[in-house]
Amino acid sequence: MDIQKGRVVGMHYTLRNEQGDVIDTSQGRDPLVFLQGYGNIIPGLESQLEGCKEGEQLDVVVEPEQAYGVKHDQLIQKVPREAFQGVDKVEVGMQFQAQTEQGPVPIRVVEVQDEEVTIDGNHELAGERLHFSVSIESVREASEEEIAHGHAH
Ligand code: ZN
């Protein structure tokens, strides 16, 4: 059976960045199971899996625009160190929820100086071209309930 909108796919995947570092993999876990055609995985991967068959293995390259978006410079800001009251030691890589008018937004600390801390509100994979190695383990028709919910059960 091939992958079409309204079918449930089980797949193993390994995700690498442009440098070839493994960012995420399903190896050693259950396959990732998702309902095709309902935006449950990034758009560039979903569109390139359309029509692939059970048992198939393929490499898929996804541009940032079809993955986690491009990087927005205005989401990178310097804030005074005092903004982190209650945090003993502010370190690169720490993640916080910033309270904004649009609700909580995840941010990461990308640089720490004496008086200032640089924070980045971009998704960690924004601006990255993604390389997926995919193995299609199973394809089946979705149930009516799964279609109604828009995700696999
Ligand atoms: Zn459901």
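Numbering of residues begins from 1 in every chain and follows the order in which that chain's sequence is written. Local features in a predicted model are, by the rule used here, given only for residues with pLDDT of at least 70; side-chain atom pairs are given and counted only at 80 or more, and totals for whole chains, interfaces and linings are based on all residues. Heavy atoms throughout the structure, all of them, feed into the side-chain values; hydrogens and water do not.

1. Some remarks on the overall build of the chain
Stated precisely, the cut-off is as follows: Each helix is a run of H or I in the DSSP string that is no shorter than four residues. Each strand is a run of E no shorter than two, and both are numbered from the N terminus. A radius of gyration in this sense is built from C-alpha atoms; the matching globule rule multiplies 2.2 Å by the number of residues raised to 0.38. Buried means the residue's accessible area, taken with a 1.4 Å probe over protein chains only, is under 20% of the maximum for its type, while exposed means over 50%, and partly exposed covers the values in between. Contact between two residues is taken to exist if any of their heavy atoms lie within 4.5 Å; hydrogens are not considered. For this count, His and the chain ends are skipped, Lys and Arg are scored as positive, and Asp and Glu as negative. A charge is said to be at NZ when it belongs to Lys, at CZ for Arg, at CG for Asp and at CD for Glu.
Secondary structure summary: the chain contains 2 helices and 9 strands in total. Secondary structure elements of the chain, listed N to C terminal, follow the sequence β-β-β-α-β-β-β-β-β-β-α. Expected size for 153 residues packed as a compact globule is a radius of gyration near 15 Å; at 19 Å, the chain overshoots this value by more than 25%. Residue burial in the chain is summarised as follows: out of 153 residues, 34% are buried. Put simply, of all contacts in the chain between residues at least 6 apart along the chain, 63% involve residues at least 24 apart. In the chain, which carries 12 positive and 29 negative side-chain charges, the distance between the mean positions of the two groups comes to 2 Å.

2. Looking at the nonpolar core
Selection rule: Here the nonpolar core consists of buried residues drawn from Ala, Val, Leu, Ile, Met, Phe, Trp, Tyr and Cys, with membership extended through side-chain atoms lying within 4.5 Å.
The biggest cluster of nonpolar side chains holds 21 residues, and the ones touching the most others in it are M11, L45, L49, F132, V134 and I136. Here this core gets 5 residues from one element, more than from any other, and that element is strand 9 (residues 130–141). What V134 contacts, discounting residues up to four positions off in sequence, is M11, H12, Y13, L45, L49, E56, Q57 and L58.

3. Description of the domain arrangement of the chain
Defined as follows: Domain start and stop positions are those given by an automatic or database domain assignment.
In terms of domain boundaries, the chain breaks down into domain 1 (7–68 + 126–149) and domain 2 (73–120). Between the C-alpha centres of domain 1 and domain 2 the distance comes to 32 Å.

4. Some words on the coordination of the zinc ion
What counts is decided by this rule: The donor definition counts N, O and S atoms within 2.8 Å of each metal and applies 3.2 Å to Na, K and Ca; water is not among these atoms, so some sites may look incomplete.
Only H149 (ND1), H151 (NE2) and H153 (NE2) from the protein reach the zinc ion as donors, at distances of 1.9 to 2.2 Å. Written as a sequence motif, the donor residues of the zinc ion are H-x1-H-x1-H. A relative accessible area of 35% means that H151 is categorised as partly exposed.

5. Let's talk about the packing of aromatic side chains
Aromatic ring pairs are defined here through the distance separating the ring centres and the angle between the ring planes. Our working rule: By convention, a stacked pair of Phe, Tyr or Trp rings (six-membered ring in the case of Trp) has centres within 6.5 Å and planes under 30 degrees apart, an edge-to-face pair has planes over 60 apart, and any other such pair is tilted. To sit over a ring, a charge needs its Lys NZ or Arg CZ within 6 Å of the ring centre and within 35 degrees of the ring normal.
Per the stated rule, a full pass over the model turns up 1 aromatic pair. Over the ring of Y38 we find K5; its NZ or CZ atom is 5.2 Å from the centre of that ring.

6. Concerning the sheet that holds strand 6 (residues 95–100)
The line we're drawing: Strands are labelled as partners when DSSP assigns at least two bridges between them. In this analysis an axis means a line fitted to C-alpha atoms, helices contributing only their contacting stretch, and an angle means the value between N-to-C directions, from 0 to 180 degrees.
If you walk across this open sheet you meet the 4 strands as 5-8-7-6, and the pairing is antiparallel. Strands at the two margins of the open sheet, each flanked by one partner only, are strand 5 (76–80) and strand 6. Ignoring strand direction, the axes of neighbouring strands in this sheet form an average angle of 45°. Here strand 5 runs beside strand 8 (residues 116–120); their pairing, made up of 5 bridges, is antiparallel.

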